[in-house]
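If you want the building blocks of each chain, they are given just below.
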Amino acid sequence: MKVLIAGGSGFLGTAVKRSIELDKHQVIVLTRRAPKNSSQIQWDGKTTEGWGYIVNEVDAVLNLTGFGLEHWPWTPQQKRKFLDSRVLPGLALASAIKDASHRPSVFLQISGVNRYGLRGEGTADESTPAADDFLAQITVHWEAATQPIEDLGVRRVIVRTAVVLSGRGGLFPLMALPVRLFAGGKFGDGRQAMPWIHLADEVGAMRFLLENENARGPYNLIAPEPTSNATFMKIIAKVLHRPYWFHVPVFLLRLVLGEMSVLLTEGRYSQPRRLLELGYSFKFPGLEDALVDILI
């Protein structure tokens, strides 16, 4: 199998690439940086110029693009970058596939469980409508950018992911930092959901959906164990042998982080219903085992 990955140079893309290559498949990465080897092709993330031809040669395309939400501060310019870095690459990939004489059999599109909103009654699943807040609407536009691919007869899989637990990047190192500095505690009242998934399951579920021909449409990539922020922070403290005592009030987080504080102070419970129904078995369904694997 020959696979094209857009967004393959980040911590998640690198892990996915490594996993696919371990099974002796060929991976080509679209990168905005200067190519380091023959497996990388430079693109601008907006057009098909200089790389569109490669779509004719691949069996699968993974769109993992998106500027990380952990980048602070959330200025209007930064928020525009969050949106454009997700939508424009998707439009370019859809255009390349439309123009290809030989199209890939599957297209995997990353998105986020924040599609369901930061508040809400009950537990969300893939059938839950999108919310109206900023983060939810990003996912709406993100997913819509590649929707035309389905009309071309290509199987499209959407992975709506939770916070990926990894020491290599993403939001998790920022969340664990107060605990490491002996100031661990809940954020706000601590009752808000803390959606998470171990990097091994993030990659494993993507591979599972990529290779399962019955997989189509949206799938929540989130651990099946519902976890509150208070529980999340308490278990980090337990694993790191640090105290859990410092309650961080919402107003302080808003003062320091501004609008970005919603990533820590709000969250809706979600479940991976369709992923479990399809038969995926989580390597790390429970938080403590996941954190021991990452932090110890």
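For the structure, see preceding data.
Residues numbered from 1 in each chain as written. Predicted model: local features only at pLDDT ≥ 70, side-chain atom pairs only at ≥ 80, totals over all residues. Heavy atoms only, no water.

(A) The arrangement of the sheet that holds strand β1 (residues 2-6) in detail. Spatial strand order, β3-β2-β1-β4-β5-β6-β9: seven strands in an open sheet with parallel pairing. At either margin of the open sheet sits one strand with a lone partner, and together these are β3 (40-42) and β9 (217-221). Taking each pair of neighbouring strands and ignoring which way they run, the sheet shows an average axis angle of 20 degrees. Both strand β6 (residues 155-161) and β9 contribute to a ladder of five bridges, which runs parallel. By the bridge assignment for β9, V157 is matched with G217. Its contacts with the sheet put helix α2 (residues 76-99) on β1, β2 (26-31), β4 (60-63) and β5 (106-112), and the angle it makes with β4 is roughly 165 degrees. The sheet strands contacting helix α5 (residues 199-211) are β4, β5, β6 and β9, and the helix crosses β6 at an angle near 160 degrees. (Pairing = 2+ DSSP bridges. Helix = DSSP H or I, 4+ residues; strand = E, 2+ residues; numbered from the N terminus. Axes fitted to C-alpha atoms, helices over the stretch in contact; angles between N-to-C directions. Contact = heavy atoms within 4.5 Å.)

(B) Highlighting the pattern of salt bridges. All chains considered together, the criterion is met by 14 salt bridges. A salt bridge links E259 to K79, with the nearest nitrogen and oxygen atoms 2.9 Å apart. In this pair, E259 sits in the loop between α7 (250-257) and α8 (262-265) while K79 sits in helix α2, placing the two residues 180 residues apart along the sequence. On the basis of relative accessibility, which here comes to 21%, the residue K79 falls in the partly exposed class. With a closest N to O distance of 2.9 Å, E266 and R119 form a salt bridge. In this pair, E266 is assigned in the loop between α8 and α9 (273-278) and R119 in the loop between β5 and α3 (134-144), connecting sequence segments 147 residues apart. (Salt bridge = Lys/Arg side-chain N within 4 Å of Asp/Glu carboxyl O. Buried < 20%, exposed > 50% of the residue type's maximum accessible area, 1.4 Å probe, protein only.)

(C) Inspection of unusual backbone geometry at higher detail. The omega torsion across W72 and P73 is 5 degrees, close enough to zero to call that bond cis. Mapping P73 onto the fold places it in the loop between β4 and α2. At K24, a residue that is not glycine, the phi angle is positive and equals roughly 70 degrees. The topology assignment puts K24 in the loop between α1 (11-22) and β2. You will see that H241, though not glycine, has its phi angle at about 55 degrees, which is positive. As for its position among the elements, H241 is in the loop between α6 (229-240) and α7. Given a relative accessible area of 70%, H241 falls into the exposed group.

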